[in-house]
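Given next are the chains, with one letter for each unit.
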Amino acid sequence: MTSSKFSSVLQLTDLNDFIGPSQTCIKPIEKEKDEVGIHDKKKVEITLGDCLACSGCITSAESVLIAKQSFSELETALNQKKDGKIDIIVVSLSHQSIASVAAKFETNFQDAAQKIAKFLSQLGVDYIFDLTIARHLALLESQREFVSRKAEGKTTITSICPGFVCYAEKTHGDLLIPSLSKVRSPQQIMGYLVKHFLAQKLGLKGQSIFHVTVMPCFDKKLEASRSEFKTDEFQDVDCVLTPLELETAIMEKEISFQDLEPRKLDFLELSSLNDDLVYSHPGSGSGGWAENVLSNCSSHFGQSFDPKQMRLVSKRNKDFLEIVVDSLSDTSKPPLKFAIVNGFRNIQTLIQRIKRGTFNYDYVEVMACPSGCLNGGGMIRGESASDKLFEQVKSLYQSLDNIPLPLDEKDERIHQLYGAILGDCKATRDDIFHTSFRSIPKTEDISVKW
C-alpha cells in the first residue's frame, strides 16, 4: 500500500509525514522513575491512536499504521467468531463505496449493494447495513448546530472529512477548530448505533460485536481510531475497509461478483425505512451537507425558497463552489453564504481568506479530495487514464431516490427516530451525536532514529 492512497492533505511535507526507508518509527517507552542503569530501547507496537495524538508522521509507515485496519483483520474476526470470542460481525456500507463497486462490475446501485451483502454474508458476516439513517441523523444534527451557531454570529466548517480534520488539528488548530462542526460523521454515528442500540436490542455487549465500515477513503481508518470514539474501552468502529480492498478480496477469493445472488440489506428498525432500497440525500456526492443545511435552515433567518432554485456557481475552479439561490422570499435580508470546497489547493485558499479576514461564509462543506468523496483515495480506479469510471460512479450515486424521511425535527417521524435511539439511556443527544477536536502541538523534531 502506498501513501498516495491517503488524501493529499495527509501527505504534506509540512506535516513531517515522511520517514525515509532506512528509518524506523518506534513509540518511545516511558521509564520508571526508580530505574537506574543502562536500558535497551524496545520496539513496541504503534497504533493509529498514538499517531493521531502527535504531530509527527501519519502516512509514513502504512504497514504499521493500518495493521489493524485491513481485510485480514476482518478474517481474524471471522475466526474469532467461530471460536466464540466474538458474538456477531456487522458491516456498514457507505453510498460512495457501493457506487464504486457497482461501476467496477457494471451493474446498478441496488443490485451491487445486495451482491456485496451476499458476498459478506457468505464469509460469515451477520448484519450488513447502509449508512442512510446515520447520515440522516448527522444532517439533522448539523442543521440544529448551524442554527445555533449562526444566531451567535459563528461560522461552521464541516468536519466530516478526517483528512481535513487531521490537517486542521496539526497545522491550524487555533485558527480552524473553533469553526469546526462538532457533529459526528455518519461512520461514527453508525458506530454508536451498532455498538449500543443494536447491542442492546440483541442483548449483547458492545465489545462482543465486531463492526466494519466500507468507506471511500483511507483517511476514515484514522477517524475510526480516534480516542473520542472509544466507549467503555472499545471503539465504535473496529475496522475500516475501502472499495479497493473489497474488490481485491472478491478477486482473491475468485468470486464471480456478477453471479452472486442478491441478499437484502438489514435495517436497524429505527424508522419506517424498512424496505429493500438504499436511499440517499440531495446535493453533493459527499453527502449534500451544504445544500441540505441551507435549504432546511434558511427559514430560521427569514428566508424561504424552493430547493430547486439552488444552483452551484464556480468561484475559482470546479472544486470551489458557492450556492446561489435565484429567488429569495425576502430580498431585504442578506442571503446566507454557503460554499463547497474540495481539494487541498482550495483548502489553502480558504485558510488564507480566514487569516486575511476576507472569509465571509456562514457554512462551508470541506473535503480533502478533489471532487469530494466520490473521488476518495479508496475508490476503485479505472484501468486507464481514458477510463470514465468516476463519471459512472457519479451517475450511479445520483440515480438513488431521495430518502422519504424529512429533515424536519418537528415531524413526528423524527421524534420517533430520536426516541428510539435515546430511549432510557443516560447519554444525552450531544453525547451520542457530537464529538470534540484538539489542537496538537507541533513536534519539534521527529527525524530522530529511535
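Our subject is the structure that appears above.
Here is a short report on the structure shown in this document. (Residues numbered from 1 in each chain as written. Predicted model: local features only at pLDDT ≥ 70, side-chain atom pairs only at ≥ 80, totals over all residues. Heavy atoms only, no water.)

1. Thoughts on the overall build of the protein chain
The condition that has to hold: Numbering of helices and strands starts at the N terminus; helices are DSSP runs of H or I of at least 4 residues and strands are runs of E of at least 2. Each residue is placed in one exposure class: buried if its accessible area under a 1.4 Å probe, protein chains only, is under 20% of its type's maximum, exposed if it is over 50%, and partly exposed if it falls in between. The contact criterion used throughout is that any non-hydrogen atoms of two residues lie within 4.5 Å.
Looking only at helices and strands, the protein chain features 16 helices and 11 strands. For the protein chain, buried positions account for 54% of its 450 residues. Sequence separation of at least 24 residues holds for 77% of the intrachain contacts in the protein chain that already meet a minimum separation of 6.

2. Re the pairing of strand β8 (residues 310-314)
Basically, it comes down to this: Two strands qualify as a pair provided that DSSP identifies no fewer than 2 bridges between them.
The sheet contact formed by β8 and strand β9 (residues 320-325) spans five bridges and is antiparallel. If you follow Met310 over to β9, its bridge partner there is Val325. Joining the antiparallel neighbours β8 and β9 is a turn of five residues.

3. Here's the deal with the environment of Ser121
As for its position among the elements, Ser121 is in helix α5 (residues 109-123). The class of Ser121 is partly exposed, set by a relative accessible area of 23%. For the pair Ser121 and Arg263, spaced 142 residues apart in sequence, the C-alpha to C-alpha distance is 8.4 Å. Look past the residues within four positions of Ser121 in its chain and what remains in contact with it is Ile128 and Arg263.

4. Brief notes about the packing of aromatic side chains
To be explicit about the condition: Geometry of aromatic contacts follows a simple scheme: Phe, Tyr and Trp rings, the Trp one being its six-membered ring, pair when their centres are within 6.5 Å, and the pair is stacked under 30 degrees between planes, edge-to-face over 60, tilted otherwise.
Under the definition given, this model contains 10 aromatic pairs. Aromatic pair Phe146 and Phe338: ring centres 5.2 Å apart, planes at 70 degrees, arrangement edge-to-face. With Phe146 in helix α6 (residues 132-151) and Phe338 in strand β10 (residues 338-342), the pair connects residues that are 192 residues apart, well separated along the chain. Overall, Phe146 belongs to the buried group, its relative accessible area being 0%. Phe338 sits in the buried class, given a relative accessible area of 1%. Judged by centre distance (5.8 Å) and plane angle (85 degrees), the ring pair of Phe146 and Tyr363 falls under edge-to-face. Of this pair, Phe146 sits in helix α6 while Tyr363 is found in strand β11 (residues 363-367), placing the two residues 217 residues apart along the sequence. The same class applies to Phe146 as to Tyr363, namely buried. Put simply, the rings of Phe146, Phe301, Phe338 and Tyr363 pair up and form one aromatic cluster.

5. Describing the sheet that holds strand β4 (residues 209-214)
Selection criterion: Axis definition: a line fit to C-alpha positions, over the contact stretch in the case of helices; interaxial angles, taken between N-to-C directions, run 0 to 180 degrees.
Taken together, four strands build an open sheet; the order of strands is β2-β1-β4-β7 and the sheet is parallel. At either margin of the open sheet sits one strand with a lone partner, and together these are β2 (127-130) and β7 (239-241). Direction aside, neighbouring strands of the sheet carry axes that sit 20 degrees apart on average. With six bridges joining them, strand β1 (residues 88-93) and β4 adopt parallel strand pairing. Note on β4: the bridge partner recorded for Ser92 is Thr213. Relative to β1, α5 is tilted by about 160 degrees, and along the sheet it contacts β1 and β2.

6. Details of the pattern of salt bridges
Going by this rule: Any Lys or Arg side-chain nitrogen located within 4 Å of an Asp or Glu carboxyl oxygen qualifies as a salt bridge.
With the rule as written, the count across this model stands at 24 salt bridges. Close ionic contact of Arg226 with Glu228 constitutes a salt bridge, the shortest N to O distance being 3.3 Å. Within the structure, one salt-bridge network assembled from shared partners comprises Glu141, Arg144, Glu409, Arg429 and Asp430.

7. A closer look at the environment of Leu131
In this fold, Leu131 is placed in the loop between β2 and α6. Setting aside anything within four residues of it in sequence, one finds Leu131 in contact with Ser92, Leu93, Ser94, His95, Pro186, Met190 and Met215.

8. Some points on unusual backbone geometry
The phi dihedral of Glu269 falls on the positive side, at around 60 degrees, and the residue is not glycine. Structurally, Glu269 is set in the loop between α11 (243-252) and α12 (289-297). Although it is not a glycine, Ser371 sits at a positive phi angle of roughly 70 degrees. As for its position among the elements, Ser371 is in the loop between β11 and α14 (389-398).

9. Observations concerning the side chain of Ser179
Locating Ser179 in the fold gives a position in the loop between α8 (173-176) and α9 (186-202). Judged by its relative accessible area of 17%, Ser179 falls in the buried class. Those residues in contact with Ser179 that sit more than four places away from it in its chain are Arg149, Thr155, Thr156 and Ile157.

10. Describing the nonpolar core
Here is the rule we go by: To define a nonpolar core, start from buried Ala, Val, Leu, Ile, Met, Phe, Trp, Tyr and Cys residues and group those joined through side-chain atoms within 4.5 Å.
Membership of the largest hydrophobic core comes to 77 residues, with the highest contact counts inside it found for Leu193, Leu268 and Phe338. Excluding its chain neighbours within four sequence positions, the residues that come into contact with Leu268 are Phe129, Ile133, Met190, Leu193, Phe197, Leu198 and Lys201. Ile89, Leu241, Ile250 and Ile380 belong to the second largest nonpolar core, which has 43 residues in total.

11. Considerations on the packing of α5 against α11
Formally: Any angle that is under 35 degrees is reported as roughly parallel, and any over 145 degrees as roughly antiparallel; angles of 65 to 115 degrees are reported as roughly perpendicular and all others as oblique. Put simply, a crossing is left-handed when the front helix is turned counterclockwise from the back one by less than a right angle, and right-handed when it is turned clockwise.
Packing of α5 against α11 leaves a shortest axis separation of 12 Å and a crossing angle of 60 degrees. When the interaxial angle is binned, α5 and α11 end up oblique. Relative to α11, α5 is oriented so that their crossing is left-handed. Of the residues in α11, those touching α5 at Ile116, Phe119 and Leu120 are Leu246, Ala249 and Ile250.

12. Focus: the sheet that holds β10
Pairing is mixed across the open sheet formed by five strands, whose spatial order is β3-β11-β10-β9-β8. One side of each edge strand has no neighbouring strand; the edge strands of this open sheet are β3 (156-157) and β8. As defined by bridge partners, β9 adjoins β10 across four bridges and the pair is classed as antiparallel. Bridged to Phe320 within β10 is Val341. With respect to the sheet, α12 is in contact with β8, β9, β10 and β11, its orientation differing from that of β11 by roughly 165 degrees.

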